Amino acid sequence: MDVKPQRVRDPLHDLIEFSTTPFEQALWDAINAAEFQRLRRVKQLGFSELVYPGATHTRLAHSLGVFHTARHLASHVKRLLGPSFDQDRCKIALAAALVHDLGHGPFSHAFEVAMEKIAKVRGEKFEKRHEIWTADIIRGNTEIGARLENGIGKENREAVAILLLQETPTDLYSGIVSSQFDADRLDYLRRDRLMTGVSHGSFDYSWLLANLEVNSVAFATDGENYAAVDSLTLGNKAFQAAEAYVLGLFHMYFAVYYHKATRSAEKILSAILVRIGELVLNGKTSATGLEKPHPLVRFLSDGSLENYLALDDTVIWGSLPMMMQADDHHIRELSSRLLRRDLYKTFDVAEHFKSRGGDASVAKFRAALADATKSGAFGELEIFEDSPARDPYKRRGYDSPDALSKVLIRGSAGVQDLSELSDVVSGLQKRTAYRVYASNADAMAQLTEIAKGVGG
């Protein structure tokens, strides 16, 4: 049978082609597995479409883009390394790039927050973040696991799972998949900017890759001893482009990912899921508006991999009309609000006190709000607190244990961490927002009064 290349038309990369090589045909086979196709039903940006209507792209599209970007990076590495290029390690990295998002649940962040709270109700430690689910899907009795093993071998299947569980890269190839300059960020930053239509986050991708190099850096092998390892670096000509990349990523978090309306919707969904979880655990499933065979109820009753894979964004959206008929008042009200986009309004505490005492006033507001809540000033689920934070760049020096995760620049003094060379990047500080979302005008008025009492 003739083997033909397979092509996908992508809004960011144009054509993404899977060649006729056995390896890329094996990845194409994996794409057609049920667990990968599930990502068509998980939006990349969750509720961001409530703010940016064009942001309807999926984790499947992003996963294809990450593979394409990783392959692009790898081709540069192969050209630079020549005979020392490790084809086997590269294949593991490319396969990992393709399947890195398999374990995301519906509305990823909101779902994980809810599951963590439900675990506390059960008296359990929450451990099953999406990276763990991804590894379980690859290792488990799944269609994609079997296809990967058939295509790239049992050992490489396990190597892919191990790579995706690593907190920091261990070599040049894993750095392509997971670092501060990796295929994941290089795709989602450009893709999310394109699909939302925002002007934030722009950087010169082509120039970065044109100046991509491989250089030897010191890598801490056990916290004390160091070895010289190859790492992705950028030539000095890409200095400004690297700054723009770091800044662009930082700006996108607060302009898009942490947008107040998006976060308000996430808080509402998390509250719904936690309430359903509590009722299911207490044997009161009938009060949720959902039947026992419903995928969400099945997962909350038995958190198996099979039940997890039955969940996606469409399951949640399709369940809201049923939840609106729930006996439980909170589920009924919150589901209706989410479906109608009747979101909680935002009191931006950090912004309010920026010129009225800063962090000290924010701390006083937190304490006053806690006291008011304890005294019964607010009804159950009448307000939600939110403190999204982002560290723009992790600084530990180019020879630290996580040196391979850095953005490294080769200058006249050798290879250095970008933050050591750039006044812009070194000057960036972790930013934490603090907001309170109010369900009604009375709650918002009370928040305003608390602020006035603090001195704002």
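For the structure, see preceding data.
This text gives an overview of the structure that appears in the document. (Residues numbered from 1 in each chain as written. Predicted model: local features only at pLDDT ≥ 70, side-chain atom pairs only at ≥ 80, totals over all residues. Heavy atoms only, no water.)

This next bit is on the sheet that holds strand β11 (residues 435-438). Strand pairing in a sheet is mediated by backbone hydrogen bonds. Such pairs are either parallel or antiparallel. In spatial order, the strands read β5-β11-β6; together these three strands make up an open sheet with antiparallel pairing. Every other strand in the sheet has two partners, leaving β5 (345-348) and β6 (383-386) as the edge strands with one partner each. Direction aside, the axes of adjacent strands within the sheet are offset by 25° on average. This element, helix α19 (residues 358-374), spans β5, β6 and β11 of the sheet and lies at about 150° to β6. (Pairing = 2+ DSSP bridges. Helix = DSSP H or I, 4+ residues; strand = E, 2+ residues; numbered from the N terminus. Axes fitted to C-alpha atoms, helices over the stretch in contact; angles between N-to-C directions. Contact = heavy atoms within 4.5 Å.)

A separate point is the pattern of salt bridges. Throughout the structure, instances matching the rule amount to 27 salt bridges. For the salt bridge of E112 with R129, the shortest nitrogen-to-oxygen distance reads 3.5 Å. Here E112 is found in helix α5 (residues 108-122), whereas its partner R129 is found in the loop between α5 and α6 (130-139), with 17 residues between them in sequence. Here E112 falls in the buried class, since its relative accessible area comes to 16%. On the basis of relative accessibility, which here comes to 35%, the residue R129 falls in the partly exposed class. (Salt bridge = Lys/Arg side-chain N within 4 Å of Asp/Glu carboxyl O. Buried < 20%, exposed > 50% of the residue type's maximum accessible area, 1.4 Å probe, protein only.)

Attention shifts here to α19. For α19, with 17 residues, the first-to-last C-alpha span of 25 Å sits near the 24 Å given by 1.5 Å per residue. Of the residues making up α19, those classed as buried are G358, S361, V362, F365, L369 and A372. Along the axis of α19, the buried residues cluster in a sector spanning 100°; they form a single face. Those residues of α19 that are exposed and angled more than 90 degrees off the buried face are D359, K364, D371 and K374. Elements that come into contact with the buried residues of α19 comprise β5, α18 (349-352), β6, β11 and α22 (441-454). (Expected span 1.5 Å × (residues − 1). Arc of directions from axis to C-beta.)

Structurally, S439 can be placed in the loop between β11 and α22. Not counting residues up to four positions away in its chain, the partners in contact with S439 are R337, Y344 and E382.

This part covers unusual backbone geometry. Backbone phi values are negative for most residues with the exception of glycine, while trans is the configuration of most peptide bonds. Residues other than glycine seldom take positive phi values, yet D14 does so here, at roughly 65°. On the secondary structure map, D14 appears in strand β2 (residues 14-18). For D14, a relative accessible area of 41% gives the class partly exposed.

A few words now on the packing of aromatic side chains. Taken as a whole and judged by the stated rule, the model has 22 aromatic pairs. Ring geometry for F107 against W317: centres 5.8 Å apart, planes inclined by 75°, an arrangement best described as edge-to-face. With F107 in the loop between α4 (87-99) and α5 and W317 in helix α16 (residues 313-323), this pair connects stretches of sequence that are 210 residues apart. With relative accessibility at 23%, the residue W317 sits in the partly exposed group. Residues W133 and Y308 carry aromatic rings whose centres are separated by 3.9 Å and whose planes lie at 5° to one another, so their mutual orientation is stacked. Taken together, the positions of W133 in helix α6 and Y308 in helix α15 (residues 305-308) put the pair 175 residues apart, joining distant regions of the chain. With a relative accessible area of 2%, Y308 lands in the buried category. Taken together, the aromatic side chains of Y188, F250, Y253, F254, Y257 and Y258 make up a single cluster linked through ring pairs. (Phe/Tyr/Trp six-rings, centres within 6.5 Å; stacked < 30°, edge-to-face > 60°.)

So, about the packing of α5 against helix α13 (residues 260-281). Put simply, α5 and α13 touch, their axes get as near as 8 Å, and they point 35° apart. Both α5 and α13 take part in a crossing whose hand is right-handed. Of the residues in α13, those touching α5 at H109, A110, F111, V113, A114, K117, I118, V121 and R122 are R263, E266, L269, S270, L273, V274, G277, E278 and L281. Looking at the contact of α5 with α13 residue by residue, the class counts come to 10 nonpolar, three polar and five charged. (Left-handed = near helix turned anticlockwise from the far one by under 90°. Nonpolar A, V, L, I, M, F, W, Y, C, P; charged D, E, K, R; others polar.)

Evaluated as defined, the whole model comprises two cavities of 30 Å³ or more. What the second largest cavity holds in volume is close to 40 Å³. Lining the second largest cavity are Q180, R185, Y245, V246, L249, R390, P392, Y393 and V407. Examining the composition of the lining of the second largest cavity, we find that three residues originate from one element, helix α12 (residues 239-257), more than from any other. (1 Å grid on protein atoms, 1.4 Å probe; cavity = no way out; pocket = protein on both sides within 12 Å on 5 of 7 lines; lining within 4 Å. Points joined across faces, edges and corners; volume = space filled by probe spheres on them.)

Note that T134 resides in helix α6. What makes T134 buried here is its relative accessible area of 1%. A polar contact of 2.8 Å, which involves the side chain of T134, links it to the backbone nitrogen of G103. When sequence neighbours within four positions are dropped, the list of residues in contact with T134 reads V99, H100, D101, L102, G103 and L164. (Polar contact = N/O pair within 3.5 Å; in protein donor to acceptor, adjacent residues only side chain to side chain.)

Moving on, we get to the environment of V349. In this fold, V349 is placed in helix α18. In this structure, V349 is in contact with V362, F365, Y434, R435 and V436, ignoring residues within four places of it in sequence.

This paragraph deals with the pairing of strand β1 (residues 6-10). Along any regular strand the residues' side chains alternate between the sheet's two faces. Pairing analysis gives five bridges linking β1 to β2, with the strands arranged antiparallel. Bridge pairing in β2 links R7 to E17. With antiparallel pairing between neighbouring strands as the criterion, β1 and β2 make up a hairpin whose turn holds three residues.

Topologically, L50 is positioned in the loop between α2 (34-37) and α3 (59-81). With a relative accessible area of 18%, L50 lands in the buried category. For the pair L50 and A261, spaced 211 residues apart in sequence, the C-alpha to C-alpha distance is 7.5 Å. In contact with L50, other than residues within four places in its own chain, are A265 and R341.

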